[in-house]
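Tertiary structure, described
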Amino acid sequence: MNPTTQWDDEDKRADRAADTFRQLFGASPDGVWAAPGRVNLIGEHTDYNDGFALPIALPQTTLLAARSRTDGLLRLHSAQGDGRITELAVAELAPGVVTGWAGYPAGVVWALTEAGHPVGGADLHFDSTVPTGAGLSSSAALECAVAVAYDELYALKLTGPELARTAQRAENGFVGVPCGIMDQMASVCCTAGAALHLDARTPAHHQQVPFDLQGQGLRLLVMDTGVTHDLADGAYAALRAGCERAAALLGLAALRDLSASELPGALLRLPGELVPLVRHVVTENARVAEAVSRLREGNAAALGPILDEGHASLRDDYRVSCAETDLAAAVAQVAGALGARMTGGGFGGSVIALVRAGEESAVGAAVTAAFEAAGYRAPRILTVTPAAGARRLAAVGAR
Ligand code: ADP
Ligand code: MG
């Protein structure tokens, strides 16, 4: 994404998406919807343990121009795709049938039909400014755009958490990625100027926590290392299985049910290889609680040390960081960031750094120089603010 695209006015992007839709499908869309990517401030690898997280939605969004169809056909096109229109029959959607990017949007339609919702076909054109594969959840943005558009096109009236659950089911059951609920909850339920305090056990009970970067003289940098390591998929599933085994051994429904004060005793009852996993999950849940307290006191700068601790825990206990994310976090910390940590599932992806306003260039430059010296690809650096969740964009609409 280049800077012009990133800061482009969303209404203009929506107009462009509607124009392209007309060229592709020969009619105007019923509307244009937007769903954002996300970064998680703290609470990593906790959602599938029924635990807590604190994501914000990004200003970067996936736009979807959509028009319902009455013949049961689903036609999909993405400005970031291969240029072709993928045509599918809603009635024939099943796991394994659709490969490639189209699986994400088709999976949402499948998940809606599986849940018994009376949905049919549609023409869908996507255009996104969310970097893909950077740990910023372009996949959830893609899914959630479809979920909110279908909710309106087919008058489903589902709640935000229900839409998020549907999008998650698409990724789990149709695409085959065993992700938790955080990404989709962030994309659907975040609000501008706030972080989302997510309880993955009861997503409906999420809370908005004011996160006023601007007012407190702070900036949040997202540094995309451009790295994705192939072991990510297998490792994620193995970590998830390890957590489930630990919970079972401890007689708990999920690791979320283990408190920080119970942790030392519990660790004595576990095989050695599960100890660091459990320690990460329990301390990470505690870090989310602490971060929420600091934000509620209006002290966002106090997130700094919490981010640093979170990174150390992911690096040393959960072991999902990599050389590039470790370097970006360490250099940002030394260059004056209040705190920095890898964000997302790990094995590459992005690092966030909380910095005082005015210091973002120095911190970014230090990380860029360190990457050059190490022979790594230059990181892509964005300054982000907590943005709104998925929504219909006004101004476009009539058939
Ligand atoms: P992340 O969600 O962190 O960006 P994932 O690997 O989960 O990374 O999802 C990235 C995949 O999602 C891409 O490889 C592509 O298949 C799909 N995707 C995301 N956004 C788009 C888009 N705008 N157009 C086409 N495919 C997309
Ligand atoms: Mg994803």
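Counting restarts for each chain, with residues numbered from 1 along the sequence as it is written. To read the labels, note that chains go from A and ligands from 1, taken in the order they are written. Reporting in this predicted model follows two pLDDT cut-offs: at least 70 for local features of residues, and 80 or more for side-chain atom pairs to be given and counted; totals over whole chains, interfaces and linings ignore these cut-offs and use all residues. With hydrogens and water excluded, all non-hydrogen atoms of the structure serve as input to the side-chain values.

1. A short note on the sheet that holds strand β9 (residues 218-228)
Note the following rule: Strand pairing is assigned whenever DSSP identifies at least 2 bridges connecting the two strands. Comment: elements are numbered from the N terminus, with helices defined as DSSP H or I runs of at least four residues and strands as E runs of at least two. Each axis is a line fitted through C-alpha atoms, and for a helix only the stretch in contact is used; angles between axes span 0 to 180 degrees, taken between their N-to-C directions. Contacts were defined at the residue level, with two residues in contact if any of their heavy atoms lie within 4.5 Å.
Taking strand neighbours across the sheet as the criterion, the 4 strands line up as β10-β11-β9-β12 in an open arrangement whose pairing is antiparallel. The sheet is open, and its two edges are formed by β10 (339-343) and β12 (380-384), each paired on a single side. Each strand axis lies, on average, 25 degrees off the axis of its neighbour in the sheet, ignoring direction. Running at roughly 20 degrees to β9, helix α12 (residues 360-374) makes contact with β9, β11 (348-356) and β12 of the sheet.

2. So, the site of ligand 1
Going by this rule: A single heavy atom is enough: if one lies within 4 Å of a molecule or strand, its residue is considered near that molecule or strand. Residues adjacent in sequence count toward polar contacts only when both atoms are side-chain atoms; beyond that, a polar contact is any pair of N or O atoms within 3.5 Å, and within protein one must be able to donate a hydrogen and the other to accept it. For this scheme, ten residues count as nonpolar: Ala, Val, Leu, Ile, Met, Phe, Trp, Tyr, Cys and Pro. Four count as charged, namely Asp, Glu, Lys and Arg, and the remainder, Gly too, count as polar.
Lining the immediate environment of ligand 1, one finds 15 residues, of which Ser78, Gln80, Gly133, Ser138 and Ser139 sit closest. Within the side chain of Gln80, a nitrogen or oxygen atom sits 3.1 Å from a nitrogen atom of ligand 1. Between ligand 1 and Ser138, the relevant distance is 2.6 Å, taken from an oxygen atom to a side-chain nitrogen or oxygen of the residue. By residue number, the principal contributor to the shell around ligand 1 is helix α4 (residues 138-153), which donates 3 residues. Here the shell around ligand 1 is built from residues that sort into 6 nonpolar, 9 polar and no charged.

3. Some remarks on the packing of helix α10 (residues 303-318) against helix α11 (residues 323-334)
Packed helix pairs are characterised by how far apart their axes lie and by the angle those axes make with each other. Using the following cut-off: With respect to orientation, any angle under 35 degrees is reported as roughly parallel, any angle over 145 as roughly antiparallel, any angle of 65 to 115 as roughly perpendicular, and every other angle as oblique. Here is the rule for handedness: rotate from the far helix to the near one, and if that takes an anticlockwise turn smaller than a right angle the crossing is left-handed, while a clockwise turn gives right-handed.
For the pair α10 and α11, the least separation of the axes is 11 Å and the interaxial angle reads 155 degrees. Judged by the angle between their axes, α10 and α11 are roughly antiparallel. Two packed elements cross with a definite hand, and for α10 against α11 that hand is left-handed. For the pair formed by α10 and α11, the contact residues are Asp308, His311 and Arg315 on the first element and Thr325, Asp326, Ala329 and Gln333 on the second. Here the contact of α10 with α11 is composed, by residue class, of 1 nonpolar, 3 polar and 3 charged.

4. Brief notes about the sheet that holds strand β13 (residues 391-392)
Across the sheet, 6 strands lie side by side as β5-β4-β6-β3-β1-β13; this open sheet has mixed pairing. Either end of the sheet is taken by a strand with one partner, and the two such strands are β5 (86-89) and β13. Pairing between strand β1 (residues 31-40) and β13: 2 bridges, direction antiparallel. Along β13, the bridge assignment pairs Ala34 with Arg391.

5. Looking at the domain arrangement of the chain
The test is simple: By convention here, the domain bounds are inherited from an automatic or database domain assignment. Using a 1.4 Å probe, buried area is obtained as the accessible area two parts lose upon being combined, added over both of them. Any Lys or Arg side-chain nitrogen located within 4 Å of an Asp or Glu carboxyl oxygen qualifies as a salt bridge.
Partitioning the chain into structural domains gives domain 1 (10-209 + 387-392) and domain 2 (211-384). Computed from C-alpha coordinates alone, the two centres of domain 1 and domain 2 are separated by 25 Å. Of the residues lining the interface, 38 residues belong to domain 1; the matching set on domain 2 comes to 43 residues. For the domain 1 and domain 2 pair, buried surface summed over both sides reaches about 3,200 Å², with 62% attributable to carbon and sulfur atoms. In terms of surface lost to domain 2, no three residues of domain 1 exceed Ile42, His45 and Tyr48, which account for 21% of the buried area on that side. At the boundary of domain 1 with domain 2, the tally comes to 3 salt bridges. Among the salt bridges present, the one from Arg341 reaches Glu44, with a minimum N-O distance of 2.7 Å. Linking domain 1 with domain 2 are 21 residue pairs in polar contact (both at pLDDT 80 or more). Counting residues per element, the ones that place at least two in the side of domain 1 that touches domain 2 are β1, β2 (52-53), β3 (55-69), β7 (194-199) and β8 (207-210). Of the residues in the side of domain 1 that touches domain 2, the class split is 18 nonpolar, 14 polar and 6 charged.

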